[in-house]
Structures are given as structure tokens and as C-alpha cells.
Amino acid sequence: MNTELSFYVLITATFFAAGMVKGVTGMGLPTVAMGILGTTMPASMAAAMLVLPSFITNVWQLLAGPAMLKLLRRLWPLLATICVGTVGGSLLLVHVNPLWSGFALGVALMVYAVYALVAPVFVVPVNTERWASPLVGLLTGIITGATGVFVMPAVPYISALNLNKDELVQALGLSFTVSTVALAVGLLVHGAFRLEQLGLSTWAVFPALLGMWLGGHVRARISPKRFKQFFLVFLVVLGVELASQPFF
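The structure presented is a predicted model; accordingly, all values stated were derived computationally and were not measured.

### As for helix H9 (residues 165-189)
Between its terminal C-alpha atoms H9 stretches 36 Å, which fits the 36 Å expected from 25 residues at 1.5 Å a residue. Judged by how many residues are buried, H9 sits mostly within the fold: 19 of 25 residues are covered. The positive-phi residue at the C-terminal boundary of H9 is Gly191, with phi of around 70°.

Set out below in C-alpha cells:
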């Protein structure tokens, strides 16, 4: 009984913490949760628990802001090619070791975030979005399909679109929601989709939502400059976590 209780306490605390990070930064729930749970259980079991809380928190993040239609009109080329790249690239997830793909992804994240913290602000010119958005979406989709991670290069690209902090968080929610659905479709098409542990996944939804709600209140009290710093520092932490996985 004590072991079972400790197990549920671990799940609850993990997804509450992961939800807090996502509420403040707009991302990071799967990485935080996998980083903690992966030390205590098989990765396949931990990943199964992520299905529902990841999807539901992404949808909440998407619907929480007032700019969804505006963002859809602006980002649809990015989202469309994310779907194409993810469904096609998910075949790689079956054959490529995701730990080493994640290592390369983590290094790229750290390089970008450190550069953005010390370099002048980089903004994507509006007139380049017509060709840049489909290209970034396709690359993001392929990387998502190969690694199961949604961040590169969509996150730095979206963060360079000169959005305010709430629009940025909502745009990330939109991108992550589309990526989650596309990845599920891709894995289903390639016969790699698993539905085990849905009961635990359902349990994990509630602490994740509570943590995300509290994290959103924290974000509302942070200045835009401080928010950007927090966001970029989190990218560094995310990169370190991904890059260190093959060695632990």
C-alpha cells in the first residue's frame, strides 16, 4: 500500500511540476516529466503517461489566449508542413535511436538559447514568412517524427516573430497541439502507436492542469523582459536535459 501510494505521489508531484513549467514558459511538460519519471520506471511506461496530459494542456494553452484565429491565419503554412513532415518523419522514430537524436537536438537548443541571451534581438521579417514558415514547419515535422520532441526549429522561429508574451505562449500551444496529433497519426500509420497506461495518463491530467494554471498566474506577473530571459534560460535547461540523456 505504501509503495502504491508513493507511486501516485510521485506521478502527482511530477506532473504538477511539469505543468508549472509549461504554464510559465509555454513548453516543457514532456521533457520535465520524462526526466523525472525516466529515473524510476521504463521509458515506454513514462511516455504512455504523457499522452493525455500533454495533449490536453496543449489544447488549453492554445484556447487560453485571445489570438487563436489571428495566429492560425499567420501560421497555417508552418502548421501544414509540420503535419506533412511529422507523419513522414515518424518512420524514423522506429529505426533511429531517439537518445542520440535528442542529443543533437539538445546541443542545437543550447547554442540557440545562449546566442539569443547574449546577442541582439533576432526578428523574422514579415516578408520572409511566406517561404520561411513552410520550410521551418517541414524541418520541425521531420525532427518531431524522428525524436518525438516538438521544439526545433519551430520554437526559436516562433519566438522570433515579434509576438507578445501571451501570443507567444498561445502560438507554441498551437504548434505543439498540431505536432502531438500529427505524431500520433504518424505512429499509428507506421504501426508504432501504443495505448497502454491510459489510466495513469488520465490521473496525470489533473495535477498537470493545476500546475499549468498556477504557472499561468506566475507568467502574468512577469515583465516581458524577464519572461524572455526565463524562456531562454529554460531552453538551455531543456537542451542540457536532452543532451545528457544518452549518458545516464
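### A closer look at the packing of aromatic side chains
Inspection of every chain in the model, using the stated rule, returns three aromatic pairs. When the centroid spacing of 6.0 Å and the interplanar angle of 80° are considered together, the rings of Phe103 and Phe247 count as edge-to-face. In this pair, Phe103 sits in helix H6 (residues 98-118) while Phe247 sits in the segment after helix H11 (224-244), placing the two residues 144 residues apart along the sequence. Judged by its relative accessible area of 30%, Phe103 falls in the partly exposed class. Judged by its relative accessible area of 52%, Phe247 falls in the exposed class.

### A short note on the environment of Thr128
Relative to the elements of secondary structure, Thr128 occurs in the loop between H6 and helix H7 (129-147). By relative accessible area, Thr128 is classed as buried at 18%. At 2.7 Å, the side chain of Thr128 forms a polar contact with the backbone oxygen of Pro125.

### Regarding the environment of Ile36
By secondary structure assignment, the location of Ile36 is in helix H2 (residues 29-37). We classify Ile36 as partly exposed; its relative accessible area is 33%. On a C-alpha basis, the gap between Ile36 and Val205 in space is 16 Å, while along the polypeptide they are 169 residues apart.

### Considerations on the pattern of salt bridges
Evaluation of the coordinates by the stated rule reveals two salt bridges. We note a salt bridge from Glu167 to Lys70, for which the minimum N-O separation is 2.9 Å. Of the two residues, Glu167 sits in helix H9 while Lys70 sits in helix H4 (residues 68-89), which places them 97 residues apart along the sequence. Between Arg74 and Glu129 there is a salt bridge whose closest N-O contact spans 2.7 Å. Pair noted here: Arg74 is in helix H4 and Glu129 is in helix H7, with a separation of 55 residues, a long-range link.

### Looking at unusual backbone geometry
One non-glycine residue with positive phi stands out, namely Asn162, at about 60°. Position of Asn162 among the secondary structure elements: in the loop between helix H8 (154-159) and H9. On the basis of relative accessible area, Asn162 is assigned to the exposed category, the value being 64%.

### Description of the side chain of Glu167
Judged by relative accessible area, Glu167 falls into the buried class, the value being 14%. Non-local contacts of Glu167, meaning those with residues more than four positions away in its chain, are made with Ala67, Lys70 and Leu71.

### Re the nonpolar core
Grouped together as the largest cluster of nonpolar side chains are 58 residues, with contacts concentrated most on Phe15, Met27, Val151, Ile158 and Leu235. Per-element tally for this core: the top contributor is H9, with nine residues. Not counting residues within four places of it along the chain, the set of residues in contact with Ile158 comprises Leu78, Leu163, Leu168, Ala171, Leu172 and Ser175.

### Brief notes about the packing of H4 against H9
Where H4 meets H9, the closest approach of the two axes is 9 Å, and the angle between their N-to-C directions is 30°. When the axes of H4 and H9 are compared, the pair comes out roughly parallel. You can see that H4 and H9 cross each other, and the crossing is right-handed. Note on element contacts: H9 touches H4 through Glu167, Gln170, Ala171, Leu174, Ser175, Val178, Ser179, Ala182, Leu183, Val185 and Gly186, opposite Met68, Lys70, Leu71, Leu72, Leu75, Leu79, Ile82, Cys83, Thr86 and Val87.

About the thresholds
Residues numbered from 1 in each chain as written. Predicted model: local features only at pLDDT ≥ 70, side-chain atom pairs only at ≥ 80, totals over all residues. Heavy atoms only, no water. Helix = DSSP H or I, 4+ residues; strand = E, 2+ residues; numbered from the N terminus. Expected span 1.5 Å × (residues − 1). Buried < 20%, exposed > 50% of the residue type's maximum accessible area, 1.4 Å probe, protein only. Phe/Tyr/Trp six-rings, centres within 6.5 Å; stacked < 30°, edge-to-face > 60°. Polar contact = N/O pair within 3.5 Å; in protein donor to acceptor, adjacent residues only side chain to side chain. Salt bridge = Lys/Arg side-chain N within 4 Å of Asp/Glu carboxyl O. Contact = heavy atoms within 4.5 Å. Core = buried A, V, L, I, M, F, W, Y, C linked by side-chain atoms within 4.5 Å. Axes fitted to C-alpha atoms, helices over the stretch in contact; angles between N-to-C directions. Parallel < 35°, antiparallel > 145°, perpendicular 65-115°, else oblique. Left-handed = near helix turned anticlockwise from the far one by under 90°.

Taken by themselves, the reported measurements are silent on function.
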